[in-house]
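In case you want the letters, here they are:
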Amino acid sequence: MRRHEVLVVGAGLAGQRAALAAVEARRDVAIISKLHPLRSHSGAAQGGINAAVGKEDSVDTHIYDTVKGSDYLGDQDAIEFFCREAGPTVVEMEHYGTIFSRAEDGSLARRPFGGQGFPRTIYAADRTGLALLQALWERLGTEHFTLYQEWDLTNIVVREGRVQGIVAFDRRTGQFEGIAAKSVIVATGPAGRIYGRTTNAHTCTGDGVAAAYDAGALLKDLEFVQFHPTALLESGILITEGARGEGGILKNVLGERFMGKYAPHVLDLASRDVVSRAIVTEVREGRGFPGDFVHLELMHLGKERIETRLQEICDFCRNFAGVDPVVSPIPIFPAQHYMMGGVGTNIRGETNIAGLYAAGEAACVSIHGANRLGGNSLLETLVFGKQAGLAAAAHAASASAPELNDSDVADAEAPVRRMMSRTDGEDPQAIRTAMQQTMDRYVGIYRTEADLLEGLRQIRAIQKRFEQVRVVDRSNVYNLNLTDALETGHMLELAEVIVVGAFARTESRGAHSRVDYPSRDDAHWMRHTLARKTPEGPNLTYAPVGYTRWEPKERVY
């Protein structure tokens, strides 16, 4: 049986930062990842990372913008800690070698992002996530740790009220193995592939969140799903908010710059939930282009600025949409982009299970509340990845040895062998597609009771179909048919939690917009949703929001 003190599941920015903190605390650390760390979805983040480092800006303003952006559902004590850590975190990453873009005077270049009072988003052209990921990987590479690469997590083992380790299988051999650990950190990133139209990579299937849920962890606020306003029409590829930060504008089929109707003070740089609803409203009311989209125009910025600051966007538009943004508008429509909810944690990344931690998009601290501001997600991975690593290392220093048994591996492997032994049943890809179509249709930007009820009925029917899923490929080496089945099972569990939470929350707040309950209801719903797995489905309870000094008020941009 393999054995480590601290085991990090996921090798994106949150996972790497957690691992670095635990290694520096002199613990025996391992990372398990289903892909090479530099292919992690953190590398897809384009626009930048927030820090109030400008002379005209302040940490307090960053705190206020984040609280307001969250529609007052973010925990204010966590947000205050988060924003105060921003500056030192960016400086640390620069010292690790991140190649941030520069202003003419040599200082860190900053661009405005939606819902924020000052330009505070520090960037590396439109490849900020990749630049951070490479720098952190080079730093971590100077330390000693174990990397299990191309391993799929199947189970987190909890016994006697504490984590004992995990069970996973090695794609290269098809062998299931147990890895005992005193501390396990879930940093597996998003679950955006629950939806069909998403900016997320195909690997973003919520594996760690689902495994934690199975193990008894509480999931927090999963009903809050962010839809990014500007995704390429056909492919759903992200067009960074930095494009509007650089001066890009949205127009409808009438040639109108329509955001003035929805956000008269900041126009195209309103928060993402506001801009996404505005685009959908324009299309629904007949002011979209044939094919249901609007235009993002950059042409007025000039060729040099576009190609210098938005290089990747130029490549995406030209290669995937046949559009040159230097001379033509970009056809865009919102797509699923981010999960505000996740495994419930405190500032130290601690969950309700001893020895289990979470960080990054897999976690919900909560700092994003009902809506995340652009530029805060990269910062979150680094700030709370570090905190989770420190807490996990401290726990491992005093915890007794974990006990992982052969029966734990056998129990995890049994359902997989049943999938592979069936001679009839459905292909996992067909089930995954049905789930994605259901979520796109019934659990999108605008929600109603009737749609959510139908969505829940369909998701539970698809879960029944999954009980008979068949893995046709019986090979042991790189069996991606099996990986597909495991990921689909994980996503179906989380899809049910999203719909149940959305149905229960009878108000509109941030990214959760109920047509039948159009107003925010602070009297009843200023609280976090907590979901615990039961045989009958998610059991919901609620927890208060943390306050410090910002009183809730109407959110106007």
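Shown above is the structure to which this text applies.
Below you will find a few notes about this structure. (Residues numbered from 1 in each chain as written. Predicted model: local features only at pLDDT ≥ 70, side-chain atom pairs only at ≥ 80, totals over all residues. Heavy atoms only, no water.)

Describing the overall build of the protein
- Looking only at helices and strands, one finds 16 helices and 21 strands in the protein.
- Computed over its C-alpha atoms, the radius of gyration of the protein comes to 22 Å, within 12% of the 24 Å expected for a compact globule of 557 residues.
- Projected onto the principal axes, the alpha-carbon positions of the protein cover approximately 65 × 50 × 50 Å.
- In the protein, which comprises 557 residues, the proportion classed as buried is 62%.
- Across the protein, contacts joining residues at least 24 apart in sequence account for 74% of those joining residues at least 6 apart.
- Accessible area of the protein: about 20,000 Å², with a carbon and sulfur share of 50%. (Helix = DSSP H or I, 4+ residues; strand = E, 2+ residues; numbered from the N terminus. Rg over C-alpha atoms; globule rule 2.2 N^0.38 Å. Buried < 20%, exposed > 50% of the residue type's maximum accessible area, 1.4 Å probe, protein only. Contact = heavy atoms within 4.5 Å. Areas by Shrake-Rupley, 256 points an atom, 1.4 Å probe, with all protein chains shown as cover.)

A word on helix α11 (residues 376–398)
- Helix length check: α11 (23 residues) gives 33 Å between terminal C-alpha atoms against 33 Å at 1.5 Å per residue, within 8%.
- Burial runs high along α11: 17 of the 23 residues are buried. (Expected span 1.5 Å × (residues − 1).)

A few points about the pattern of salt bridges
- Scanning the model with the defined rule gives 53 salt bridges in all.
- The salt bridge partner of Glu-246 is Arg-309, with a shortest N-O separation of 3.0 Å. With Glu-246 in the loop between α7 (242–245) and β12 (249–251) and Arg-309 in helix α9 (residues 303–309), this residue pair connects regions lying 63 residues apart in the sequence.
- Its salt-bridge partner being Arg-432, residue Asp-484 comes within 2.7 Å of it at the nearest N-O pair. Taken together, the positions of Asp-484 in helix α15 (residues 480–504) and Arg-432 in helix α13 (residues 428–442) put the pair 52 residues apart, joining distant regions of the chain. Per residue, the accessibility class of Asp-484 equals that of Arg-432, and both read buried.
- Where salt bridges share partners, they join Asp-71, Glu-223, Asp-273, Arg-277, Arg-505, Glu-507, Arg-509, Arg-520, Asp-522 and Arg-555 into one cluster. (Salt bridge = Lys/Arg side-chain N within 4 Å of Asp/Glu carboxyl O.)

Digging into the sheet that holds strand β21 (residues 537–544)
- Taken together, the five strands give an open sheet; going across it, the order is β17-β15-β10-β20-β21, and neighbouring strands pair in mixed fashion. Across the chains shown, the open sheet's two edge strands, defined by having one partner strand only, are β17 (363–364) and β21.
- In terms of strand pairing, strand β10 (residues 219–220) meets strand β15 (residues 342–344) through two bridges, oriented antiparallel. For Leu-219, the partnering residue across the bridge sits in β15 and is Val-343.
- Sheet strands in contact with helix α6 (residues 207–214) are β10, β15, β20 (527–534) and β21, and its direction is about 70° off that of β20. (Pairing = 2+ DSSP bridges. Axes fitted to C-alpha atoms, helices over the stretch in contact; angles between N-to-C directions.)

Observations regarding the packing of aromatic side chains
- Applying the stated criterion across every chain yields a total of 11 aromatic pairs.
- Where Phe-169 meets Phe-176, the ring centres are 5.3 Å apart and the plane angle is 25°; that geometry is what we call stacked.
- The exposure class assigned to Phe-169 is buried, which follows from its relative accessible area of 2%.
- Here Phe-258 and Tyr-262 contribute two aromatic rings whose centre-to-centre distance is 6.4 Å and whose plane-to-plane angle is 85°, an arrangement assigned as edge-to-face.
- In this structure Phe-258 comes out as buried when scored by relative accessible area, which is 1%.
- Its relative accessible area of 26% is what places Tyr-262 among the partly exposed residues.
- By the ring-pair criterion, three or more aromatic residues cluster together here, those being Phe-81, Phe-82 and Phe-384. (Phe/Tyr/Trp six-rings, centres within 6.5 Å; stacked < 30°, edge-to-face > 60°.)

Considerations on helix α10 (residues 311–321)
- Every buried residue of α10 is accounted for by Glu-312, Ile-313, Cys-314, Phe-316 and Cys-317.
- After α10 finishes, the residue Gly-322 shows a positive phi value of roughly 65°.

Topic: the packing of helix α3 (residues 76–84) against helix α4 (residues 86–95)
- Two elements in contact, α3 and α4, have axes separated by 4 Å at closest approach and are oriented at 40°. Counting all contacts with α3, which are made through Phe-82, Cys-83 and Arg-84, the residues of α4 involved are Ala-86, Gly-87 and Pro-88.
- Considered class by class, the residues forming the contact of α3 with α4 number four nonpolar, one polar and one charged. (Nonpolar A, V, L, I, M, F, W, Y, C, P; charged D, E, K, R; others polar.)

Here's the deal with the packing of helix α2 (residues 59–69) against α3
- Put simply, α2 and α3 touch, their axes get as near as 9 Å, and they point 135° apart. One way to sum up the angle between α2 and α3 is to call them oblique. Viewed along their axes, α2 and α3 form a crossing whose handedness is right-handed. Judged by residue contacts, Val-59, His-62, Ile-63, Thr-66 and Val-67 of α2 engage Gln-76, Ile-79, Glu-80, Cys-83 and Arg-84 from α3.
- For the contact of α2 with α3, the class distribution of residues is five nonpolar, three polar and two charged. (Parallel < 35°, antiparallel > 145°, perpendicular 65-115°, else oblique. Left-handed = near helix turned anticlockwise from the far one by under 90°.)

Re the pairing of strand β7 (residues 151–159)
- In this sheet, strand β8 (residues 162–170) lies alongside β7 in antiparallel orientation, the contact comprising eight bridges. When the bridges of β8 are listed, Asp-152 appears paired with Phe-169.
- Counting the residues between successive antiparallel strands, the hairpin from β7 to β8 contains two residues, one of them, Glu-160, with a positive phi of roughly 55°.

Side note on the sheet that holds strand β11 (residues 225–232)
- Taken in spatial order, the four strands make up an open sheet running β11-β14-β13-β12, and their pairing is antiparallel. Edge positions in the sheet fall to β11 and β12, since each of these pairs with one other strand and no more. Strand after strand, the sheet turns through a mean of 45° between neighbouring axes, direction not considered.
- Taken together, the three bridges between β12 and strand β13 (residues 294–297) define a ladder with antiparallel strand orientation.

Some words on the environment of Asp-315
- Assignment of secondary structure puts Asp-315 in helix α10.
- By relative accessible area, which is 33% here, Asp-315 ends up partly exposed.
- Separated by 10 residues in sequence, Asp-315 and Pro-325 have C-alpha atoms that sit 9.5 Å apart.
- Contact partners of Asp-315, with chain neighbours within four places excluded, come to Arg-127 and Phe-320.

What about the pairing of strand β14 (residues 330–339)?
- Within β14, nine of the 10 residues are buried, which leaves the element mostly enclosed by the surrounding structure.
- Here β11 pairs with β14 via six bridges, running antiparallel. Within the sheet, the bridge partner assigned to Phe-227 lies in β14 and is Gln-336.
- Here β13 pairs with β14 via three bridges, running antiparallel. Within β14, the position partnered with His-295 by the bridge is Pro-331.

Considerations on the nonpolar core
- Core analysis: the biggest nonpolar cluster contains 75 residues, and Ile-156 and Met-439 have the highest contact counts within it.
- The biggest single contributor to this core is α15, with 12 residues.
- Setting aside its immediate chain neighbours within four residues, Met-439 contacts Ile-194, Tyr-195, Gly-444, Ile-459, Ala-495, Ile-498 and Val-499.
- Counting 60 residues, the second-largest nonpolar core is a separate cluster that includes Ala-51, Ala-78, Tyr-96 and Ala-135. (Core = buried A, V, L, I, M, F, W, Y, C linked by side-chain atoms within 4.5 Å.)

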